[in-house]
Amino acid sequence: MTNVAYDDGAFGLTVSEQPEAFTPAAVESELLTVEEVAAMLSIGVRSVWRKSQDGRLPPPIKMTGSTRWSKSAMREWIVEKASAAQKQLHARRRA
């Protein structure tokens, strides 16, 4: 369900749609377990914990008794790392 806010236009505002509210299922699908992060990076679970503690991964979200990583933050981090690796590779080839 989309929430729609209306205004009479007195202040130049128009009809705007608000994104749907997060449901528990939607939030859950945007969070990754340590096993999912390990699989995404093709590394072991212990390596995920070490990299997380060292600050070499995006910070996890700690909730009551569980730790999860944002799927979008992990994707952005991977793209950033891949881009940096490509730049280093091109720099080495030029040297």
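It should be emphasised that the depicted structure is a prediction, and the values quoted were computed from it without experimental measurement. Throughout this description, residue numbers start from 1 for each chain and increase along the sequence as written. Side-chain atom pairs in this predicted model are given and counted only at pLDDT of 80 or more, local residue features only at pLDDT of at least 70, and totals for whole chains, interfaces and linings cover all residues. As a rule here, side-chain values cover all heavy atoms of the structure and leave hydrogens and water aside.

Participant: With reference to specific residues and values, describe the packing of helix α2 (residues 34–41) against helix α3 (residues 45–54).
Facilitator: Here the axes come from fitting lines to C-alpha atoms, over the contacting stretch only for helices, and the angles between their N-to-C directions go from 0 to 180 degrees. Comment: elements are numbered from the N terminus, with helices defined as DSSP H or I runs of at least four residues and strands as E runs of at least two. At their nearest, the axes of α2 and α3 sit 8 Å apart, and the two run at 95° to each other. Taken together, the axes of α2 and α3 lie roughly perpendicular to each other. For the pair formed by α2 and α3, the contact residues are Val 34, Glu 35, Val 37 and Ala 38 on the first element and Val 45, Val 48 and Trp 49 on the second. Note on terminology: angles under 35 degrees are roughly parallel, angles over 145 are roughly antiparallel, angles of 65 to 115 are roughly perpendicular, and the others are oblique. Two residues form a contact once any of their heavy atoms are found within 4.5 Å.

Participant: Got a sec to walk through the confidence of the model for the chain? Specific residues and values, please.
Facilitator: Of all residues in the chain, 72% have pLDDT values of 70 or greater, and the mean over the chain is 82. Per residue, pLDDT measures the predictor's confidence, with a range of 0 to 100. Scored below 50 in pLDDT, residues 1–7 shows 16 contacts in the model against residues more than four places distant or in partner chains. Confidence drops under pLDDT 50 across residues 10–15; counting only partners more than four residues distant or on other chains, this segment forms five contacts.

Participant: An account of the sheet that holds strand β3 (residues 31–32) is needed here, citing residue identities and associated values.
Facilitator: The strand order across the open sheet built from three strands is β3-β5-β4, with neighbouring strands paired in antiparallel fashion. Each of the sheet's edge strands pairs with one partner strand only, and the pair in question is β3 and β4 (61–63). Strands pair, by our definition, only if DSSP identifies at least two bridges between them. Where β4 lies against strand β5 (residues 66–70), three bridges are found, and the strand directions are antiparallel. Across the sheet, the residue bridging to Lys 62 is Thr 67, located in β5. Of the strands in this sheet, β3 and β5 touch helix α4 (residues 71–94), which is tilted by about 50° from β5.

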